[in-house]
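# Understanding the architecture of this molecule
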Amino acid sequence: MLGSVEVHIGGRLVQTGGPKRRTVLAALLLQPNVVVSDDRLIDLVWGERPPRSARPQLQVHVHGLRKVLGSNTIIRSGCGYRVAVTAGATDSDVFERFLARARSERAAGRLDEAARNLRTALSLWTGPALDGVAPALAAHARPALEERRLHALEELHGVEIDRGNGATAVPELRALCAEHPTHERFTGLLMSALHACGRTGEALEAYATLRERLADELGTDPGAWLRQLHLDLLTTGRGGERAHGPHRVHHVHRVRRVRQVRPAELPCGVGGLVGRSAELSALDRALDADREADRSPTVFLLTGVAGVGKTALALHWSHTVRQHFHDGQLYVDLRGSAPDGRATRPDDALRQLLRGLGAASQRLPTGTGELAKLFRSVTADQRLLFLFDDAASVEQVAPLLPTGPGSAVLVTSRQRLTGLVALFGARHLPLDVLSEESSVELFLSVAGARSPATELALVTRIADRCGRLPLTLRLAAAALAVGGSPVDRLWPGVPGAVSGPPTERPALVPSDPAPG
């Protein structure tokens, strides 16, 4: 699909039919092993004004493709179709695999291997992506594929500069800047390449050219990171090594990969999570489904009242799946329910995240918008797990969401945050209080008590007085375990009739427990 849409079987080109049939196939292959609805396929093949016979025509095209590809390749499922393909069956999948391999090689310092993998990946492109398909599909899917090609080119020339091949990278970078005259990343790479081979004056001219073009055509200035690179070059030109060595000006392009420590910021979770097996299974299933479909980051929203165990569940699950996120795990307390009303601002959260990913504090741009752009660039090709605890609003969380596939985000909140579901496709998991059986189990596991059957009714009454909230149960059981006081001294009258509503909290527990 990285060129004309073609099918090869056993090294032989196979004719699949006309443009519409190729469009049906390409639309399915863009979401391999995922059901694409009839309505969606019709939109992508015929655009906004499909003929009345579009649905029967779609069936004819699928029938024709099955003749060529095999009857079990395109499967009818519900109100749509799914194409069953194995890993590496499409050039776009192979392209992504070479990119991932190159990133690993680059992170390990094996720059020669990284360059080879990137050039192999780019050699798969034989022309404009999805050439020969219907305009509706091309308009919908080609920009994203082209963006991936440009990203691979950025990576390749960044590697070449790091290998000391700045002089050989200059001609290709000049051509790319001419083809994409407002692409700041290519201009930045050209500036770094020119500087690396002693042509700092030309690098400054490249910046001036871009700045004038942006001002004339878009009425804007270069981004903060490129302005900083320009300042570094000016400083180097005036003071020789005042920029702390020849690699100083490359820092902006290295933000994504200069990371001394792989972040592992998850706090310690509670031991022995009780009564949440259904929720844990739901999280596992959703993550597996999204990873198999290679979708954009999975976003989970865990909501519930204070003390219901949102943070405990999020931490427990995060620690069990951390091996899937080999680039690290990051944690931010958003303080949405802080008693002083001072929730963490998005720009402060972004700075914390970027520092955790290896960016130097003094090099970060100002303003939430610029910080969010840098954050998305840094995380675009990494598999990261994020836990944003105690969110106050959608506006607080939205700038913190990564966009690249392979990552996962957990957000906990006392608010419903329906906008996170509507706008970003978050999977909502509301938490309720524990069942009576689980409440008793949790209390006894923390208190360390081995109550005979005759005392289970007493523990049940205590659990009811705690509202069956996990945090309140843990605090009450811990107080009993540490203090060693008899239960009737902690809650006078509990062994007898319990007065007040069953969700009343014991006096020793704060009226507003900590988040989660």
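Scroll up for the structure.
All of these numbers come straight from a predicted model, not from anything done at the bench. (Residues numbered from 1 in each chain as written. Predicted model: local features only at pLDDT ≥ 70, side-chain atom pairs only at ≥ 80, totals over all residues. Heavy atoms only, no water.)

### Structural notes on the environment of Ala338
The criterion, for reference: Only DSSP runs of H or I reaching four residues or more are called helices, and only runs of E reaching two or more are called strands; each is numbered from the N terminus.
Structurally, Ala338 can be placed in the loop between strand 7 (329-333) and helix 14 (346-356). Considering only alpha carbons, one finds Ala338 and Ala392, 54 residues apart in sequence, at a separation of 9.5 Å.

### Description of the pairing of strand 5 (residues 80-83)
In the case of a regular strand, side chains alternate between the two sheet surfaces. Applicable threshold: Two strands are counted as paired when DSSP detects at least two bridges linking them.
Pairing of strand 3 (residues 36-37) with strand 5 involves two bridges; the strand directions are antiparallel. The residue bridging Val36 from the neighbouring strand is Tyr81, located in strand 5. Two elements, strand 4 (residues 74-77) and strand 5, share four bridges in a ladder whose sense is antiparallel. When the bridges of strand 5 are listed, Ile74 appears paired with Val83. Where strand 4 folds back onto strand 5 in an antiparallel hairpin, the turn is made up of two residues, including Gly78, whose phi is positive at roughly 60°.

### Notes on the pattern of salt bridges
Stated precisely, the cut-off is as follows: Here, a salt bridge means any side-chain nitrogen of Lys or Arg that lies within 4 Å of a carboxyl oxygen of Asp or Glu.
Scanning the model with the defined rule gives 25 salt bridges in all. Ionic pairing is found between Arg148 and Glu96, a salt bridge with its closest N-O pair at 2.9 Å. Here Arg148, found in helix 6 (residues 135-162), pairs with Glu96, found in helix 4 (residues 91-107); they are 52 residues apart in sequence, far enough to count as distant. Between Glu160 and Arg119 there is a salt bridge; the shortest N-O distance is 3.3 Å. One end of the pair, Glu160, is in helix 6; the other, Arg119, is in helix 5 (residues 111-123), and 41 residues separate them in sequence.

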